[in-house]
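# Structural description and commentary
Here is how the chains run, residue by residue.
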Amino acid sequence: MVKAGDKLMNHEIDDVDYVLHSSMSYEMYQRLMRIRNHDLHKFIAWVIDLCKPSSVFISTGSPEDLGYIRRRAIETGEEIPLKTPGHTVHFDSPFDQARAREDTAILLPGSQRLPFIRTKDRDEGLREMFSLLSGVMKGREMLVGFYSLGPKGSPFSILAVQVTDSYYVMHSENILYRPAYDEFVRQGERVRFLRFIHSQGELNEMGQSRNIKQRRIYIDLPGETVYSVNTQYGGNSIGLKKLALRLTIKRAMEEGWLSEHMFIIGVEGPGGRATYFTGAFPSMSGKTSTAMLGRLIGDDLAFLRNINGEVRAVNPEAGVFGIIEGINLIDDPLIYEVLTKPGEVIFSNVLITEDGDVYWNGKGEPVPERGINYTGKWWKGKTDDKGNPIPPSHPNARFTVSLKAFRNLDPRYDDPNGVVVGGLIFGGRDPDTWVPVFESFNWDHGVVTIAASIESERTAAVIGKTGEREFNPMANLDFLSVDLGIYITNYLKFGENLKNPPRIFGVNYFLRDEQGRFLNSKEDKRVWLQWMERRIHNEVGAVKTPIGYVPRYEDLRRLFHNVLGRDYGLEDYNRQFAIRVGRLLNKIERVWKIYSEVSTTPRKLFEVLEEQRQRLIEAGRLYGDPIPPLKFEY
C-alpha cells in the first residue's frame with residue numbers, strides 16, 4: 001500500500017489533468033499543455049495540490065507576461081516604485097538579509113554526509129518541507145516561469161522551472177535569466193529540467209516573511225529540486241541563482257565539466273585584442289568590481305567545458321544580482337551609471353529618501369536625515385533593540401539589473417559556443433599572506449595551492465561574525481553539493497585532457513601593513529589584469545618564487561605608468577610582493593589539516609602542497625623572512 005507521504009516524495013498525483021483543469025483558467029491550462037511533457041504536468045499539479053494556490057499564472061516570457069509580473073509586484077507592495085522610471089525597491093525582513101547557512105541543507109538518502117556541508121536525511125527533510133509548504137499559497141496566485149541557464153539552444157544550456165508566490169522573486173528571475181518557454185515547447189518530452197519551489201510564507205505588516213524561525217532552504221539532489229520557504233532574500237529565494245548552483249555542480253561532476261562561482265570577462269590587451277578570464281572570489285572580495293573592468297560577460301557564475309581540447313565558458317545568467325554597498329561614481333562608474341539612469345532596476349534593502357530616490361552606504365553623497373528602509377521609518381541615529389546603530393542601507397543590500405544595461409557588455413555574452421578561457425583568477429580577503437598577483441607553475445599547482453587553498457575574511461553577505469578567516473576553496477564551499485575531495489579530483493582531471501590549459505592566477509586586493517593600512521589602491525587591480533593578460537600571450541616575463549611566478553618590477557613600473565598614469569616605486573613593490581615565508585607555511589599547515597580530514601582528498605593535493613612547503617623552507621633558509629622578490633632574480 002502506498003502511503004500519502006511516499007506519494008508526496010515521489011510527486012505522485014491521482015488525477016493530474018483534473019488538478020490542472022480545476023485550478024487554472026482555460027488560457028493558463030492551454031499554455032501549459034503546449035509543453036508536451038508529462039513530467040512537467042505532473043510536477044505542476046503536485047505543487048498545486050500541496051500549496052493550494054487560489055490561481056495559477058503560467059508565464060510564457062512574452063513582453064505582456066513580463067509586464068504583468070512587474071505590475072503585480074508593485075500592486076501587492078512587494079516592490080515600491082521610485083522617482084526614476086523603472087526603479088523599484090524591495091525590503092526583506094531585518095532577520096532575512098543574507099544567505100542563511102544554518103537553514104540551508106543538502107538532502108541525502110540515509111546517513112550520507114558531506115564534509116563542510118550541512119546535510120540532512122532526505123526523507124526527514126522532505127517531510128518537514130512538505131509540512132511547511134502545505135496550503136502555504138492559499139489566497140495567492142502561484143507563478144510558474146520557464147528559464148534557461150546559459151544561452152538557449154547551446155550545449156551548455158540547462159532548463160529550469162521556477163514556482164513561487166512572490167512577484168518580486170519572479171520579477172528578479174525575469175531580469176536575471178533567459179526566458180525559455182519556447183524551448184520547453186520545442187523540446188517537449190525530451191526536456192530534463194531543474195525544479196524550484198518557493199513561498200515567502202506568512203507576511204508581516206511590511207509585507208516581509210514573518211516566520212523566519214521556520215525558514216528552510218533544502219536542496220534535494222536526487223530529485224534535482226530546491227525547496228525554499230519563509231524567506232524573501234534573493235540568495236535564499238531566487239531559485240536559479242546559488243540554489244541552482246548546488247544542482248548544476250552535481251550534474252557537472254557526473255558529466256566531467258565545471259559549474260563555478262566565477263565571473264567571465266574579456267580583458268583588452270595591446271591592439272584591442274580580448275583575452276577571456278574567469279574569476280572566483282568570495283562575496284565582497286572584489287569580484288564584481290573586477291568584472292566591471294573588462295568586457296562583461298558575467299559577474300557571478302560560469303559553466304566551463306572542454307570543447308576540442310580548449311576551455312570554453314558561458315554565463316548561465318543574463319543579469320546581475322550585485323552588492324551595492326560602496327558603489328560610487330569615482331570607484332565604480334559603470335555600475336553607478338546603470339544604477340542612476342532610467343531603466344529596470346530592483347534595489348533591495350537600501351534607503352528610500354524623502355524625495356523618492358535611493359541612498360546606500362558608500363554612495364558618495366551626504367547621508368539623508370531620514371527615509372524608509374527594511375526596518376521601517378529610519379532616521380539618523382536610529383538604533384536596534386540592543387542599542388546598535390542601524391545604517392541607512394544594509395551592508396548586504398543588493399541591486400538586480402539586466403546585463404544589457406551595461407555599456408561594457410561583451411558582444412559575445414550570449415554566444416551559444418561560449419568564449420575561449422585564457423586564464424582563471426582566484427582571490428579572497430587576505431590581510432597578510434598572499435601577494436597582490438601571481439601565477440601558478442601549471443594547472444595542478446594552481447588548482448591545489450591557489451584555487452583549493454583560498455582563505456578569506458567573512459563578510460556581511462553571510463550570516464555570522466564578520467572578519468573571521470574562512471577556508472573557501474574555489475570560493476565555492478557554500479554551494480558544494482558533492483564531496484570536497486571528489487570535487488578537487490574532478491578539477492584536476494578536467495585539466496588532463498586540455499591541449500592548452502588556461503593559466504591559473506591568484507590575486508589579493510586586501511594585503512595590509514603592520515598598522516592595518518592597505519598596501520594597494522582599488523585601482524591597482526587594473527594593472528594586475530593587464531599583467532595577467534600579457535602573461536597569457538608570453539609578452540612579459542616573471543620572477544620565479546616558491547609560490548609561483550610574480551611580476552617583475554620593470555614590467556609593473558611600465559604598466560602603472562601606462563594604465564594608471566602614475567609612478568610605481570621599488571619600495572612599494574618590495575613590500576607588496578615580499579614572500580612571507582612563515583605565513584605561507586602556516587597557511588599550508590592549515591590547508592593540509594583540513595584536507596587530511598577529508599578521506600576522498602586526492603594524493604596529488606598533498607604532493608603539490610609538500611613540494612611548495614619544501615621550496616618555502618629552502619628559500620627561508622637562504623634569504624630569511626620575508627623575502628624581497630628581487631632576491632629570486634639572481
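Please refer to the structure placed before this passage.
Our subject in this report is the structure included herewith. Predicted model only: the values in this text are computed from it and were never measured.

### Some thoughts on the environment of asparagine 562
Structurally, the position occupied by asparagine 562 is in helix H16 (residues 553-564). When the C-alpha atoms of asparagine 562 and valine 527 are compared, they prove to be 9.0 Å apart, with 35 residues separating the residues in sequence. Within the structure, asparagine 562 has its side chain in polar contact with the side chain of histidine 561 (distance 3.5 Å).

### A short note on empty space enclosed by the protein
For the structure on display, the rule yields 8 cavities of 30 Å³ or more. As a volume, the second largest cavity reaches approximately 100 Å³. Lining the second largest cavity, in full, are Trp434, Phe438, Thr449, Ser453, Ile547, Leu584, Lys587, Ile588, Val591, Leu609, Gln612 and Leu616. With 4 residues, the single largest contributor to the lining of the second largest cavity is helix H18 (residues 581-596). The class makeup of the residues in the lining of the second largest cavity is 8 nonpolar, 3 polar and 1 charged.

### Concerning the pattern of salt bridges
Tallied over the entire structure, the rule returns 61 salt bridges. Two residues, arginine 216 and aspartate 103, come together in a salt bridge whose shortest N-O distance is 3.9 Å. Highlighted residues: arginine 216 in strand S10 (residues 216-220) and aspartate 103 in the loop between strand S3 (87-90) and strand S4 (104-108), separated in sequence by 113 residues. On the accessibility criterion, arginine 216 (18% relative accessible area) is buried. We classify aspartate 103 as buried; its relative accessible area is 10%. Because the salt bridges share partners, they merge into one network encompassing Asp96, Glu102, Asp103, Lys120, Glu124, Glu128, Arg215 and Arg216.

### Describing the packing of helix H2 (residues 16-23) against helix H4 (residues 38-51)
H4 packs onto H2 with a crossing angle of 60 degrees between their chain directions and a minimal axis gap of 9 Å. Here H2 lies oblique to H4, going by the angle between them. You can see that H2 and H4 cross each other, and the crossing is left-handed. Residue-level contacts link Val16, Val19, Leu20 and Ser23 of H2 to His41, Lys42, Ile44, Ala45 and Ile48 of H4. For the contact of H2 with H4, a count of residues per class yields 6 nonpolar, 2 polar and 1 charged.

Thresholds, definitions, all that
Residues numbered from 1 in each chain as written. Predicted model: local features only at pLDDT ≥ 70, side-chain atom pairs only at ≥ 80, totals over all residues. Heavy atoms only, no water. Helix = DSSP H or I, 4+ residues; strand = E, 2+ residues; numbered from the N terminus. Polar contact = N/O pair within 3.5 Å; in protein donor to acceptor, adjacent residues only side chain to side chain. 1 Å grid on protein atoms, 1.4 Å probe; cavity = no way out; pocket = protein on both sides within 12 Å on 5 of 7 lines; lining within 4 Å. Points joined across faces, edges and corners; volume = space filled by probe spheres on them. Nonpolar A, V, L, I, M, F, W, Y, C, P; charged D, E, K, R; others polar. Salt bridge = Lys/Arg side-chain N within 4 Å of Asp/Glu carboxyl O. Buried < 20%, exposed > 50% of the residue type's maximum accessible area, 1.4 Å probe, protein only. Axes fitted to C-alpha atoms, helices over the stretch in contact; angles between N-to-C directions. Parallel < 35°, antiparallel > 145°, perpendicular 65-115°, else oblique. Left-handed = near helix turned anticlockwise from the far one by under 90°. Contact = heavy atoms within 4.5 Å.

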